[in-house]
Amino acid sequence: MTDSVADPLRWLADLEGVPSAYAATRDGIDVMLRDRGLRRTSPEMTAESLLRGAHASAVLEGSTSTLAEVREGTGDAIAADSVRLSASMLALAPLLKTAPLQAIARLHSVVAAGSLPQDSLGRPRDAASADRLRGVSEMLLSATTSPALLVAGVAHADLATAAPFASHNGIVARALERLVLVARGVDAKSLVVPEAGHLALRAEYESNLRAYASGEPRGVHSWVLYAAEAYVAGAEASPLRRPAE
């Protein structure tokens, strides 16, 4: 049996309501991708999903740009940073499997380029931040049997609440979440838009992140249940469900 050291997420996966919530969410995503996507997916759909995600993530980070402005390339600086990251992030999925610390550093280097000095790109703010990043990396490399969706949600919350970088921590955390879904085979073509799910549930997103940051088991449990709900909303925001206008 996998113990709690080798599988740091086992205790979460067994909490009340978590197995059923994640099984139902994964089933719904699988049905959508299989029944509506197999014959109609394209690189253009992936690009549209990434664009929607970039916009939603930028808004959560403080951008005031609309999706139409982002689509036209006239969004504000935060939106531009988010879009720049979306254009290259999927290439990091293989690296995430073997060297997550490097992949996370690369995410930050791309999104913060031009906003921070070169020597701050991809580098944690201090020793405590470096420790938190190593913890996220070790969790992603662990032999967990927990659902990939749960792993993605915990990675997101760990990074977002640690805020290890000098800027753009939320955007990096949400990009990491999407990459985990790709790298672990939930959504290989990245057609679900988890960032849009969080934006649609913004009040719950922000309150549950605060609960997670407390470190209390109840707060962590609350985040994990919330994340399953957010993935449902992210699937609804997919170009497979809602074609681009």
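Residues numbered from 1 in each chain as written. Predicted model: local features only at pLDDT ≥ 70, side-chain atom pairs only at ≥ 80, totals over all residues. Heavy atoms only, no water.

Secondary structure summary: the protein chain contains 13 helices and zero strands in total. Each helix (α) and strand (β) of the protein chain, taken in turn from the N terminus, gives the series α-α-α-α-α-α-α-α-α-α-α-α-α. For 245 residues, the compact-globule estimate of 2.2 N^0.38 gives 18 Å, and the C-alpha radius of gyration of the protein chain, at 17 Å, lies within 12% of that figure. Across the 245 residues that make up the protein chain, the buried fraction comes to 51%. Surface accessibility of the protein chain: about 11000 Å² in total, with carbon and sulfur atoms responsible for 55%. Side-chain charges in the protein chain split into 24 positive and 28 negative, and the spacing between the mean points of these groups amounts to 4 Å. (Helix = DSSP H or I, 4+ residues; strand = E, 2+ residues; numbered from the N terminus. Rg over C-alpha atoms; globule rule 2.2 N^0.38 Å. Buried < 20%, exposed > 50% of the residue type's maximum accessible area, 1.4 Å probe, protein only. Areas by Shrake-Rupley, 256 points an atom, 1.4 Å probe, with all protein chains shown as cover. Lys, Arg positive; Asp, Glu negative; His and termini not counted. Charge placed at Lys NZ, Arg CZ, Asp CG, Glu CD.)

For helix 9 (residues 148–162), spanning 15 residues, the distance from its first C-alpha to its last is 21 Å, which sits close to the expected 21 Å at 1.5 Å a residue. Burial within helix 9 is extensive, with 13 of its 15 residues counted as buried. One or two steps after helix 9, the chain reaches Ala 163, where phi turns positive at roughly 45°. (Expected span 1.5 Å × (residues − 1).)

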